[in-house]
Amino acid sequence: MSKFVMIIFGASGDLTKRKLMPALYSLYKDNRLPEGFAILGIGRTDYADETYRDYILNELEHFVTPAEVGMKEFCTHLHYLSMDPAIEEGYGTLDSRLQEITGEKEPDNLLFYLATPPSLYGVIPLHLKTAGLNRKHTRIIVEKPFGYDLKSAQELNHIYASVFEESQIYRIDHFLGKETAQNILAFRFANGIFEPLWNRNYIDYVEVTAVENLGIEQRGGFYDGTGALRDMVQNHLIQLVALTAMEPPAVFTADNFRNEVVKVYESLKPLTDEDLNEHIVRGQYTASGSKKGYREEKNVPADSRTETYIAMKIGIDNWRWSGVPFYIRTGKQMPTKVTEIVVHFRETPHQMFHCHGGHCPRANKLILRLQPNEGIVLKFGMKVPGPGFDVKQVMMDFSYDQLGGRATGDAYARLIEDCIQSQLIVPRCLCHIKCHGICTGIQIHLMQILMHINIGHNSSAERIIFQIIDHSVYLIHHSFFVLMFHAKLIPICLTDRTTLICPAVPDMAVKIMDIVGFLLPDPEDLIHGTL
């Protein structure tokens, strides 16, 4: 086998310094990279090999803690080529540089990684083909968002199919490289006590939450053309829904796994006008204290209507899940950072016991925490010690920290290693579009949301985060509470954590929890001080 070279397009960008280089370094220090490997960075920023190595070494010291002596040796494997990936003429120079690095006339053991804006996803493969770099053993990694809508996703698939064999293409979702995401399958299918309960007879509803306490940082140009719906819902969150809802495959192989996931996508209940009006919320974050509002971020238009928050209710029409709602939500600049799946079981038909402190949490909850504090929590009722028969809900808590300090591993490192070894590990690669055309079941419905709702902004309401015209929605920045009014641009103000008063319509003061509780994570579920 010829010398292995990983070529990163977008090597001077944010993804490379924050995620890819730390992941590659972790593989290097664990001796999991091929012997004599090389990494060639491609970017428009002007670097020589030495200056690029210094730049990456400095960034590694920021993103890998503590700094380690092996970082400098790792950086000796780095090379750099300054070129514009959008211009075809530069690819001849790329071929020459690869020959120089490998000492081979036609280097073949190549892995291309597209850490570029999505606008280049369809350009780079065609230029690689023109330069003859789509060789037999080359592979290519492309991240989400794979296309802007159904049509563009199909066009991208056509382009990649014209350049590479399907086995050479890795459409990845790094969420599925997380140990905790993969553990959903082990938890469900390796334990006989849960699978019999995993259906509409015992489960009331399911929540999937992925929120961050940061804004978009320096990604304004990318994010404003994407938004929370395309950035998170149609890939990360829908994938987590599929892992939660899928049937067990007969044999644990990539194709069988994909087939079961696709069945979930094909069972997604089409969105109706009522769903668009009642069960979907989009919004933007605004300034709070020292934090900028979304429209004040770099490279974001002052009149942008791109959403940074979305919550929606979806249904799955099949025998297992009919009638069980799945509530998904994601947002930037939220009060906390958490990714978790909460399975709410049905309440007991009759409550026989007294509730400790007057609070009666009758239903059991199963919480699968993906980050932070990775682990699993089961909530159930227990008798409070002492006289009487008061019942209190308690937690049975497992944390990955209990595995003797063994690290859960880096998602990007796991995915890159699979691609280097030309493996298709079941939950890590997104090939559903090519194999089954499931974009029809997801993107068409999600695009309905974008076409239906327009975001407006009300600067006169000091503490309002956003509102949507004809379906006005107000998100309080200091909590997860969301309130919906079927009215136009009604100014409101905050009086306390659970009540909003509308001065224009005083009788519309309501308790938020009573109206849209399904949009709100239970603060008790954000355990270990994450809220």
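Conventions used here
Residues numbered from 1 in each chain as written. Predicted model: local features only at pLDDT ≥ 70, side-chain atom pairs only at ≥ 80, totals over all residues. Heavy atoms only, no water. Helix = DSSP H or I, 4+ residues; strand = E, 2+ residues; numbered from the N terminus. Buried < 20%, exposed > 50% of the residue type's maximum accessible area, 1.4 Å probe, protein only. Contact = heavy atoms within 4.5 Å. Areas by Shrake-Rupley, 256 points an atom, 1.4 Å probe, with all protein chains shown as cover. Pairing = 2+ DSSP bridges. Axes fitted to C-alpha atoms, helices over the stretch in contact; angles between N-to-C directions. Expected span 1.5 Å × (residues − 1). Core = buried A, V, L, I, M, F, W, Y, C linked by side-chain atoms within 4.5 Å. Phe/Tyr/Trp six-rings, centres within 6.5 Å; stacked < 30°, edge-to-face > 60°. Lys NZ or Arg CZ within 6 Å of the ring centre and 35° of its normal. Salt bridge = Lys/Arg side-chain N within 4 Å of Asp/Glu carboxyl O. Parallel < 35°, antiparallel > 145°, perpendicular 65-115°, else oblique. Right-handed = clockwise from strand over helix to strand, strands pointing away.

### Looking at the overall build of the chain
A count of helices and strands for the chain gives 15 helices and 22 strands. A burial count over the chain gives 55% of its 531 residues as buried. Pairs at least 24 residues apart make up 72% of the contacts formed inside the chain by residues separated by at least 6 positions. For the chain, the accessible area works out to roughly 23500 Å², and carbon and sulfur atoms hold 52% of it.

### Observations concerning the sheet that holds strand E4 (residues 110-114)
The six strands lie next to each other as E3-E2-E1-E4-E5-E6, forming an open sheet whose pairing is parallel. In this open sheet, the two strands that pair with only one neighbour each are strand E3 (78-82) and strand E6 (169-172). Recorded for the sheet is a direction-independent mean angle of 20 degrees between the axes of neighbouring strands. In the sheet, strand E2 (residues 38-43) pairs with E3 via five bridges, with the strands oriented parallel. What sits directly across from Gly-43, in E3, is Ser-82.

### Describing helix H6 (residues 150-163)
The terminal C-alpha atoms of H6 lie 20 Å apart, and with 14 residues this matches the ideal 20 Å at 1.5 Å per residue to within 8%. Turning to H6, its buried residues are Leu-150, Ser-152, Ala-153, Leu-156, Asn-157, Ile-159, Tyr-160 and Val-163.

### Quick notes on the pairing of strand E7 (residues 203-211)
In terms of burial, E7 is a largely internal element, seven of the nine residues being buried. Inspection of the sheet shows E7 paired to strand E11 (residues 338-345) by eight bridges, in the antiparallel sense. Looking at the pairing, Val-206 lines up with Val-343 of E11. Two strands pair when backbone bridges link them, and E7 and strand E10 (residues 326-331) are joined in this way by six bridges, in the parallel orientation. From the neighbouring strand, Val-211 faces E10, where its bridge partner is Gly-331.

### Points about the nonpolar core
Ranked by size, the top nonpolar core spans 52 residues in total, and within it Leu-240, Leu-243, Phe-326 and Ile-341 carry the most contacts. Listed in part, the 37 residues of the second largest apolar core include Phe-4, Tyr-52, Phe-74 and Ile-172.

### What to know about the packing of aromatic side chains
With the rule as written, the count across this model stands at 18 aromatic pairs. With a centroid separation of 5.7 Å and an interplanar angle of 70 degrees, the aromatic rings of Tyr-25 and Phe-74 are classed as edge-to-face. With Tyr-25 in helix H1 (residues 14-29) and Phe-74 in helix H3 (residues 70-75), this residue pair connects regions lying 49 residues apart in the sequence. The exposure class of Tyr-25 is buried, given its relative accessible area of 2%. On the numbers, 6.0 Å between centres and 40 degrees between planes, the contact of Tyr-52 with Tyr-55 is tilted. Placement of both Tyr-52 and Tyr-55 in helix H2 (residues 49-63) is noted, with a separation of three residues, approximately one turn of the helix. For the pair Tyr-52 and Tyr-55, a shared accessibility class is recorded, and that class is buried. One aromatic cluster in this structure is built from Tyr-25, Tyr-28, Phe-37 and Phe-74. Lying over the aromatic face of Phe-146, Arg-171 brings its terminal NZ or CZ to 5.6 Å of the ring centre.

### Thoughts on the pattern of salt bridges
Under the defined criterion, the tally for this structure stands at 19 salt bridges. In this structure, Glu-260 engages Lys-263 in a salt bridge whose closest nitrogen and oxygen atoms are separated by 3.3 Å. Of this pair, Glu-260 and Lys-263 both sit in helix H10 (residues 254-266), three residues apart, which is roughly one turn of that helix. Of the residues examined, Glu-260 reaches a relative accessible area of 11% and is grouped as buried. The network of salt bridges with shared partners includes Arg-188, Glu-195, Glu-247 and Arg-320.

### Quick notes on the packing of H1 against H2
Across the interface, H1 lies against H2 with an axial gap of 9 Å and an inter-helix angle of 90 degrees. As summarised for this structure, H1 and H2 are arranged roughly perpendicular, according to the angle between their axes. Of H2, the residues touching H1 (which contributes Thr-16, Lys-17, Arg-18, Met-21, Pro-22 and Tyr-25) are Tyr-52, Tyr-55, Ile-56, Glu-59, Leu-60 and Phe-63.

### Focus on unusual backbone geometry
The phi torsion of most residues other than glycine is negative, and most of the peptide bonds are trans. A cis geometry characterises the amide bond from Gln-371 onward to Pro-372, with omega recorded as -20 degrees. Structurally, the position occupied by Pro-372 is in the loop between strand E13 (365-371) and strand E14 (375-383). One non-glycine residue, Asn-31, lies in the positive phi region at around 60 degrees. Relative to the helices and strands, Asn-31 resides in the loop between H1 and E2. With a phi close to 65 degrees, Asn-299 is a non-glycine residue in the positive phi region. By secondary structure assignment, the location of Asn-299 is in the loop between strand E8 (280-283) and strand E9 (309-314).

### What to know about the environment of Thr-306
For Thr-306, the position within the fold is in the loop between E8 and E9. On the basis of relative accessibility, which here comes to 11%, the residue Thr-306 falls in the buried class. Separated by 78 residues in the primary sequence, Thr-306 and Ala-228 place their C-alpha atoms 8.0 Å from one another.

### A look at the pairing of E4
The two faces of the sheet receive side chains in turn, since in a regular strand these alternate between them. Taken across its five residues, E4 has five buried, putting it largely inside the fold. Alternating positions in E4 separate into two faces, Leu-110, Phe-112 and Leu-114 on one and Leu-111 and Tyr-113 on the other, with burial throughout. Taken together, the five bridges between strand E1 (residues 5-9) and E4 define a ladder with parallel strand orientation. Within E4, the position partnered with Met-6 by the bridge is Leu-111. Taken together, the four bridges between E4 and strand E5 (residues 139-143) define a ladder with parallel strand orientation. Bridge assignment links Tyr-113 to a residue of E5, and that residue is Ile-141. Regarding the hand of the β-α-β motif, the stretch spanning E4, helix H5 (residues 124-130) and E5 is right-handed.

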